[in-house]
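One-letter residues, chain by chain:
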Amino acid sequence: MWRVTNRARRHIPRPASLRPAVLRPGPRHAPVPWIPEVERSTAIVDCAVYVGGVRHEPSHDDRGRPNWREAHDGVVASGEGFVWIGLHEPSDAQLAGLAEHFNLHPLAVEDAVSAHQRPKLESYDDEMLFAVVKTVHYDESAVSSTDSSTTVEVVDTGEVMVFLGVDYVITVRHGEHGGLHALRKRLEKEQTLLAEGPSAVLHGILDHVVDDYLAVAEALQTDIDEMEVAVFGGAARSLDTNRMYILKREVLALQRSAAPLTVPLRSLGETEMPLIAEEIREYFRDVNDHLGQVIDQVTAFDDLLNTLVSAHLAQVSVIQNEDMRKISAWVAIAAVPTMVAGIYGMNFDHMPELHWRFGYPLVVGIVVGVCLWLHHSFKRAGWL
């Protein structure tokens, strides 16, 4: 579950990568030891300052890397706007400079680096919000290549961590999908909304993620509809049971990503928070409504898949029973000539009609007649 907490800043031991060997104590904007800029430029995807909703490019060094520290210092000095820094799978060293400069809580920094976190929302002394959301992506190529001999991920999941302060937003993305470049471009066109500050970015990210949930739910709906037609359309023999279990597993993955968002979105929409603009709260309520749609769909998917699995297993059982009846009927028919052949194969000298001219055709005729009678009886009973 997501949790909304307000942690006091206690003296918590820093992770090894954030101890004084890397970060020296000092004022908020004190310089830190050199961190390899090649690694840092790899982690930072985008960086910009927004004043009144308008993007302003930060200065760059001779290697073309954005000077995020100078950009934020300018925001602090002017008292206007905020800086938005986007990173992709940073390491401890890549995030250390940002952690020191923005005074990020060590526990939040550790979560942002390690990833694989449960969705949550945390507040630290009303000075910083830290949010973790699960991103999802529907892999159509995985659907087309699914067979009973392989296990694939139809719904890929990733994570986006958001550090939110008065004058900054830092987004940390994990996974190959869920990029925020398109979202950033869209928000830059909505200058009135973006002018509300960092909370507008948090709303945009949550809205973008929930929209992805809706898209994945729609794709799963198509797959489940096809599965339903196959189950009740007489294709039970050719239906792959493994495919049904894969769909159920992916529905559960979507449920684990979407369901925990309900409580924090309700808190963001209904509870006054210093870092959330009043004008943005109603937007969070709208996102929560869309999330409710996703949760309702996922719950319905899970129930429907349970029904489809039960129906398919019942159909397989019926098919197997029909096959066993057919096999039993043919075995009974084949037993008649087998029995007669076995009796006359004992080679006794004195057997009924053994030397009679019409003995052979009579026995063959009786065998054929009995077999035809059995076949007719089984056919009428529905066994053949």
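Quick caveat, the model's predicted, so the values are computed rather than measured.

K.L.:
Honestly, the overall build of the chain in this entry has me stumped. Any pointers?
P.N.:
Each helix and strand in the chain was counted, giving twelve helices and eight strands. A burial count over the chain gives 45% of its 384 residues as buried. Contacts in the chain between residues far apart in sequence, at least 24 positions, make up 71% of those at least 6 positions apart. Total accessible area on the chain is roughly 19800 Å²; 56% of this is exposed by carbon and sulfur atoms.

K.L.:
What is the right way to look at the side chain of His105 in this model?
P.N.:
Assignment of secondary structure puts His105 in the loop between helix 3 (92–101) and helix 4 (106–114). Residue classification places His105 among the buried residues on the basis of a relative accessible area of 2%.

K.L.:
What exactly am I supposed to notice about the side chain of Gln117 here?
P.N.:
Checked against the element boundaries, Gln117 lands in the loop between helix 4 and strand 5 (120–124). With relative accessibility at 17%, the residue Gln117 sits in the buried group. In contact with Gln117, other than residues within four places in its own chain, are Asp111, Val132, Lys134, Glu159 and Met161.

K.L.:
Whenever I open this one, the packing of helix 9 (residues 241–258) against helix 11 (residues 278–344) confuses me. Can you help?
P.N.:
How two helices pack is summed up by the angle between their axes together with the distance between the axes. At a minimum axis separation of 10 Å, helix 9 and helix 11 run at an interaxial angle of 160°. Here helix 9 lies roughly antiparallel to helix 11, going by the angle between them. Helix-helix and strand crossings are classified by hand; for helix 9 and helix 11 the assignment is left-handed. Of the residues that constitute the contact of helix 9 with helix 11, the class distribution is 16 nonpolar, five polar and two charged.

K.L.:
Which parts of the structure should I look at to understand the pattern of salt bridges?
P.N.:
Opposite charge on two side chains makes pairing possible when the charged atoms of those side chains draw close. Applying the stated criterion to the full structure yields eleven salt bridges. In this structure, Glu57 and Arg55 form a salt bridge, with 2.6 Å as the shortest nitrogen-oxygen distance. The closest approach of N and O atoms between Glu188 and Arg55, which form a salt bridge, is 2.8 Å. Pair noted here: Glu188 is in helix 6 (residues 181–189) and Arg55 is in strand 3 (residues 54–56), with a separation of 133 residues, a long-range link. When its relative accessible area of 16% is taken as the criterion, Glu188 is described as buried. Here the salt bridges share partners, and the residues they tie into one network are Asp46, Arg55, Glu57, Arg184 and Glu188.

K.L.:
In this structure, what is going on with the nonpolar core? I would like to understand it.
P.N.:
Soluble globular proteins tend to bury their nonpolar side chains together. With 62 residues, the main nonpolar core has Leu202, Tyr213 and Leu220 as its most contacted residues. Among the elements that line this core, the one with the most residues is helix 8 (residues 198–232), at 16 residues. Here Leu220 is in contact with Tyr138, Val155, Leu247, Val251, Leu254 and Phe301, once residues within four sequence places are set aside. One finds Ile85, Leu98, Phe102 and Met161 within the second-largest nonpolar core, a separate group that totals 29 residues.

Reading the values: the criteria
Residues numbered from 1 in each chain as written. Predicted model: local features only at pLDDT ≥ 70, side-chain atom pairs only at ≥ 80, totals over all residues. Heavy atoms only, no water. Helix = DSSP H or I, 4+ residues; strand = E, 2+ residues; numbered from the N terminus. Buried < 20%, exposed > 50% of the residue type's maximum accessible area, 1.4 Å probe, protein only. Contact = heavy atoms within 4.5 Å. Areas by Shrake-Rupley, 256 points an atom, 1.4 Å probe, with all protein chains shown as cover. Axes fitted to C-alpha atoms, helices over the stretch in contact; angles between N-to-C directions. Parallel < 35°, antiparallel > 145°, perpendicular 65-115°, else oblique. Left-handed = near helix turned anticlockwise from the far one by under 90°. Nonpolar A, V, L, I, M, F, W, Y, C, P; charged D, E, K, R; others polar. Salt bridge = Lys/Arg side-chain N within 4 Å of Asp/Glu carboxyl O. Core = buried A, V, L, I, M, F, W, Y, C linked by side-chain atoms within 4.5 Å.

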